[in-house]
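Geometric and topological summary
The primary structure of each chain is shown beneath.
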Amino acid sequence: MERLPLYCQGERRGEVALALWGPNGARTEIRASMDDPGDGLYRAFLLGEEGELALGVLAPEDGRLAVCRRVYNRDTAALGRLLRGEARRSFRFEETGLCWRETGCPAQLEGSVLLLALPLEEGRPFPLEALFCLGRIQRVEGTRCVVYAFREEEPVLWREG
């Protein structure tokens, strides 16, 4: 097994482990993990002298962020000599400053846009998984939540800004 450092925001925060996998070792299992900075979503990359390979989004696992991917050996060979892993933040968690109120029936709330905040708990299914790409992860009254926006029963895509 080969191990490489995983860097995040210029600091060594974890590691990337590579191991041959499958019949005849035709693939490589790549596992990247690091401590969770708690400030956003991160994507992991494997860097070599000749290029980089996107590994995917690091997800909570056993108190850390991790991603595991199996690729053909030719894909890692195309990178040349392997150098390190990198975790790049692709989404920043933010406090909103909005006033939140708990309700058992969101449909009774009024307003042009309904923001629905559902607790995001480690080890539990992602809330409203079918709409995950429309959610925004942020803290609501100290709890990490996925927040969806709806207008007239239709989901609304969040805009940065």
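Throughout this document, residue positions are counted from 1 along each chain, in the order its sequence is written. Two thresholds apply to this predicted model, a pLDDT of at least 70 for residue-level local features and 80 or more for giving and counting side-chain atom pairs, whereas whole-chain, interface and lining totals are computed over all residues. To get the side-chain values, take all heavy atoms of the structure and skip hydrogens and water.

With respect to the pairing of strand β8 (residues 82-92)
Using the following cut-off: The pairing criterion is simple: DSSP has to find at least two bridges between the two strands. Here a strand is any run of E in DSSP of at least two residues, a helix any run of H or I of at least four, and the numbering for each starts at the N terminus.
In this structure, strand β1 (residues 2-8) lies alongside β8, joined through three bridges in parallel fashion. In the sheet register, tyrosine 7 faces β8, and the bridge partner there is glutamate 86.

A few points about the sheet that holds strand β2 (residues 11-21)
Spelled out, the test is: Only the contacting stretch of a helix is used when fitting its axis, a line to C-alpha atoms as for every element, and angles between N-to-C directions run 0 to 180 degrees.
Read across the open sheet, the eight strands follow the order β5-β4-β8-β1-β2-β3-β7-β6; overall the sheet is mixed. At either margin of the open sheet sits one strand with a lone partner, and together these are β5 (51-57) and β6 (59-61). This sheet shows a mean twist of 30° between the axes of neighbouring strands, independent of strand direction. Strand direction decides the pairing type here: strand β4 (residues 40-48) and β8, joined by nine bridges, are antiparallel. Counted as the bridge partner of alanine 44 is alanine 87 from β8.

A short note on the packing of aromatic side chains
Formally: When two rings of Phe, Tyr or Trp (its six-membered ring) have centres within 6.5 Å they constitute a pair, described as stacked for plane angles under 30 degrees, edge-to-face for angles over 60, and tilted for the intermediate range. Two limits define a charge over a ring: the Lys NZ or Arg CZ must be within 6 Å of the ring centre, and within 35 degrees of the ring normal.
On inspection of all chains with the given rule, the structure shows zero aromatic pairs. Between the NZ or CZ atom of arginine 74 and the centre of the ring of tyrosine 72, over which it lies, the distance is 4.5 Å. In this structure, arginine 88 packs its charged tip against the face of phenylalanine 45, placed 4.1 Å from the ring centre.

As for the confidence of the model for the chain
Note the threshold: A residue's pLDDT is the confidence the predictor assigns to it, expressed on a 0 to 100 scale.
In the predicted model, the chain carries a mean pLDDT of 82, and 81% of its residues have values of at least 70. Of all helices and strands in the chain, the one with the weakest mean pLDDT is strand β12 (residues 154-156) (61), whereas β1 scores best (96).

A closer look at the environment of leucine 4
The test is simple: The rule is simple: take the accessible area with a 1.4 Å probe, protein chains only, and divide by the maximum for that residue type; under 20% is buried, over 50% is exposed, in between is partly exposed. For this analysis, residues touch if any pair of their heavy atoms sits within 4.5 Å.
Locating leucine 4 in the fold gives a position in strand β1. Overall, leucine 4 belongs to the buried group, its relative accessible area being 8%. It is 9.9 Å that separates the C-alpha atoms of leucine 4 and leucine 47, two residues lying 43 residues apart in sequence. Contacts of leucine 4, omitting those with residues within four sequence positions, involve Gly14, Glu15, Val16, Leu18, Leu46, Leu82, Leu83 and Arg84.

Remarks on the pairing of strand β11 (residues 143-151)
Two strands pair when backbone bridges link them, and strand β9 (residues 114-119) and β11 are joined in this way by six bridges, in the antiparallel orientation. Residue pairing in the sheet places alanine 117 in a bridge with valine 147 of β11. As paired strands, strand β10 (residues 136-140) and β11 are joined by five bridges and run antiparallel to one another. Opposite arginine 139, over in β11, you have arginine 144 as the bridge partner.

With respect to the side chain of threonine 76
Under the convention used in this document: Distance and chemistry together define a polar contact, namely a pair of N or O atoms within 3.5 Å, with one atom able to donate a hydrogen and the other to accept it when in protein, and with adjacent residues in sequence counting only for side-chain atoms on both sides.
Secondary-structure assignment places threonine 76 in helix α1 (residues 73-77). For threonine 76, a relative accessible area of 11% corresponds to the buried category. A distance of 2.9 Å separates the side chain of threonine 76 from the backbone oxygen of asparagine 73, its partner in a polar contact. With sequence-adjacent residues up to four places away left out, threonine 76 is seen in contact with Thr28, Ile30, Leu46, Val71 and Leu82.

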